[in-house]
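Letter by letter, the chains look like this.
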Amino acid sequence: MKRKTVSVWVGGAAGDGIASVGESLAKIFARNGLHVYAYNSYQSVIRGGHTWWQMRAGSEKVYTQPENCDLLIALNQDSIDRHALGIEKGGGILYNSDKLQVRPEHLANGAQNMGLPMLKLAKLPIMQNTVATGAFMFLTDLPLESLEKALTERFGKKKPEVVQLNLEAARAGYDYAKAHWKSLEIGLQLNKTQRLVMTGNQAIAVGALAANCKFYSAYPMTPASGIMHFLAPNGPKNGMVMKQCEDEIASMAMAVGAGQMGVRAM
């Protein structure tokens, strides 16, 4: 019986493009009428370290992450070593077989070895994540056109050749998967409903605007900086004064001062 949900993990180091893959997949799921729930686990961007994006999508609302995943997109060896045993039986590990290794112990729970020869498929090493995403599209029966649209939107402000290289990398991954593996036949029920995708930080910012908050002061710091990124362009359009302060103490003092004057502040 088909489960009608899919769970994907994307793992790598800071700078490997984890967020790029995750955001593209979230948009693709949502634009094909699926409900999406994702969680991004990362170290301080000052230190670097292991980054891990978990995402689950389904025809009905999803509220949490499962214990295991259907597919692991591993962009470094550490991700394979950490997460290979969390793959569902019959699922697979998508990875750069030119640089990384999947050993027998990684497949002990019945995962498939889905190595991608990146030197052959990607014209630039940085595009390994795009190749792997293309392969993911075939394995989960998602239309490649959805990925192509997401890539065009993401890189549209860059040179046309950047967009074209990414489109070619996605197609190469899709075609390679089609030639070497079978679809996982998960059974996702796609439709034309357009669903909204937003991060938790964006939801907090939208909630503040909806609650008529008129003053926001903050100092940029992981993970709350996303609230500032949203409110900087959108706050003033909705009557909010947004101030980036020199430190946390100053931002707190400003918010308290605004509140003392009767302004709804945050």
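Throughout, residues of each chain are indexed from 1 in the direction in which the sequence is written. Whole-chain, interface and lining totals are the exception, using all residues; otherwise, since this is a predicted model, local features are given only for residues with pLDDT of at least 70 and side-chain atom pairs are given and counted only at 80 or more. Note that water and hydrogens are dropped before the side-chain values are worked out from all heavy atoms of the structure.

## A look at the overall build of the protein
Okay, so step 1: Each helix is a run of DSSP H or I of at least 4 residues and each strand a run of E of at least 2, with the numbering of both proceeding from the N terminus. Per the secondary structure count, the protein includes 9 helices and 8 strands.
Okay, so step 2: Projecting the C-alpha coordinates of the protein onto the three principal axes gives extents of approximately 65 × 40 × 40 Å.
Okay, so step 3: Three labels apply to residues, based on accessible area from a 1.4 Å probe with only protein chains included: buried if under 20% of the type maximum, exposed if over 50%, partly exposed otherwise in between. Split into buried and exposed, the 266 residues of the protein put 45% on the buried side.
Okay, so step 4: In this analysis, two residues are considered to be in contact whenever any of their non-hydrogen atoms come within 4.5 Å of each other. Taking contacts inside the protein between residues at least 6 apart in sequence as the whole, the part at least 24 apart equals 64%.
Okay, so step 5: Looking at the protein as shown, the accessible area adds up to about 14,200 Å², and 54% of this sits on carbon and sulfur atoms. To be clear on the numbers: accessible area is Shrake-Rupley with a 1.4 Å probe, and residue cover counts the displayed protein chains and nothing else.

## A closer look at the state of the cysteines
Okay, so step 1: Note that a disulfide, as used here, is simply two cysteine sulfur atoms within 2.5 Å. One pass over the full model with this rule turns up 0 disulfides.
Okay, so step 2: In this model cysteine 245 remains outside any disulfide bridge; the closest cysteine sulfur is found in cysteine 213, 13 Å from its own.
Okay, so step 3: With a relative accessible area of 6%, cysteine 245 lands in the buried category.

## Considerations on the layout of surface pockets
Okay, so step 1: We place a 1 Å grid over just the protein atoms. Points where a 1.4 Å probe fits but has no way out form a cavity, open points with protein on both sides within 12 Å along at least 5 of 7 lines form a pocket, and any residue with an atom within 4 Å of a point lines it. Grid points are joined across faces, edges and corners, and a volume is the space filled by probe spheres set on the points. The volume enclosed by the largest pocket comes to roughly 1,600 Å³.
Okay, so step 2: Forming the walls of the largest pocket are 42 residues, and the residues nearest its centre are Glu23, Trp53, Met198, Thr199 and Gly200.
Okay, so step 3: Mapped onto the lining of the largest pocket, the elements with two or more residues apiece are helix H1 (18-31), strand S2 (35-41), strand S3 (50-58), helix H7 (200-210) and helix H8 (225-234).
Okay, so step 4: Take the lining of the largest pocket: its biggest share by element is 7 residues, from H1.

## Observations regarding the packing of aromatic side chains
Okay, so step 1: Working definition: a ring pair exists when centres of Phe, Tyr or Trp rings (six-membered ring for Trp) sit within 6.5 Å. Plane angles under 30 degrees give stacked, over 60 give edge-to-face, the rest tilted. Applying the stated criterion across every chain, the model contains 4 aromatic pairs.
Okay, so step 2: Where phenylalanine 138 meets tyrosine 174, the ring centres are 5.7 Å apart and the plane angle is 85°; that geometry is what we call edge-to-face. Of this pair, phenylalanine 138 sits in helix H4 (residues 128-139) while tyrosine 174 sits in helix H6 (residues 160-180), and the two are 36 residues apart along the sequence.
Okay, so step 3: Relative accessible area serves as the criterion here: at 13%, phenylalanine 138 is assigned to the buried category.
Okay, so step 4: Judged by centre distance (5.7 Å) and plane angle (75°), the ring pair of tyrosine 176 and tryptophan 181 falls under edge-to-face.

## Considerations on the packing of H7 against H8
Okay, so step 1: Contact geometry of H7 with H8 gives a least axis separation of 8 Å together with a crossing angle of 45°. In terms of orientation, H7 and H8 fall into the oblique class. Considering how the two elements wind past one another, H7 and H8 form a crossing that is right-handed. Residues Asn201, Gln202, Ile204, Ala205, Val206 and Leu209 of H7 pack against Gly226, Ile227, Phe230, Leu231 and Asn234 of H8.
Okay, so step 2: Throughout, the ten residues Ala, Val, Leu, Ile, Met, Phe, Trp, Tyr, Cys and Pro are labelled nonpolar, Asp, Glu, Lys and Arg are labelled charged, and all others, Gly among them, are labelled polar. For the contact of H7 with H8, a count of residues per class yields 7 nonpolar, 4 polar and no charged. Axis lines are fitted to C-alpha atoms, over the contacting stretch for helices. Their N-to-C directions set the angle, which ranges from 0 to 180 degrees. An angle below 35 degrees is read as roughly parallel, one above 145 as roughly antiparallel, one from 65 to 115 as roughly perpendicular, and any other as oblique. What makes a crossing left-handed is the near helix being turned counterclockwise from the far one by less than a right angle; a clockwise turn instead makes it right-handed.

## Observations concerning the nonpolar core
Okay, so step 1: Grouped together as the largest cluster of nonpolar side chains are 48 residues, with contacts concentrated most on Phe29, Ile73, Leu94, Leu116, Phe136, Leu139 and Trp181.
Okay, so step 2: The element that contributes the greatest number of residues to this core is H6, accounting for 8 residues.
Okay, so step 3: Setting aside its immediate chain neighbours within four residues, phenylalanine 136 contacts Val6, Val8, Leu25, Phe29, Leu71, Ile73, Leu94 and Leu142.
Okay, so step 4: Listed in part, the 12 residues of the second largest apolar core include Cys69, Tyr95, Val102 and Ala111. Throughout this description, the term nonpolar core refers to a set of buried Ala, Val, Leu, Ile, Met, Phe, Trp, Tyr and Cys residues connected via side-chain atoms within 4.5 Å.

## Considerations on H6
Okay, so step 1: Expected span of a helix, by definition, is 1.5 Å for each gap between consecutive residues, and there is one gap fewer than residues. In this model, H6 (21 residues) spans 31 Å end to end at C-alpha, consistent with the 30 Å of a helix rising 1.5 Å per residue.
Okay, so step 2: Residues of H6 that are buried: Val163, Asn166, Leu167, Ala169, Ala170, Ala172, Gly173, Tyr174, Tyr176 and Ala177.
Okay, so step 3: The secondary structure elements touched by the buried residues of H6 are strand S6 (112-116), helix H3 (118-121), H4 and helix H5 (144-155).

## A short note on the pairing of strand S1 (residues 5-13)
Okay, so step 1: Burial analysis of S1 places 8 of its 9 residues in the buried class, the great majority of the element.
Okay, so step 2: For two strands to count as paired, DSSP must find a minimum of two bridges between them. Direction of pairing for S1 relative to strand S4 (residues 69-74): parallel, over a ladder of 4 bridges. Bridge pairing links glycine 11 to alanine 74 in S4.

## As for the sheet that holds S1
Okay, so step 1: What the 6 strands build is an open sheet, ordered S2-S3-S1-S4-S5-S6; its pairing is mixed. Looking at which strands have only one partner, the edges of the open sheet turn out to be S2 and S6. Across the sheet, the mean angle from the axis of one strand to that of its neighbour is 15°, orientation sign disregarded.
Okay, so step 2: Two strands pair when backbone bridges link them, and S2 and S3 are joined in this way by 7 bridges, in the antiparallel orientation. Within S3, the position partnered with alanine 38 by the bridge is methionine 55.

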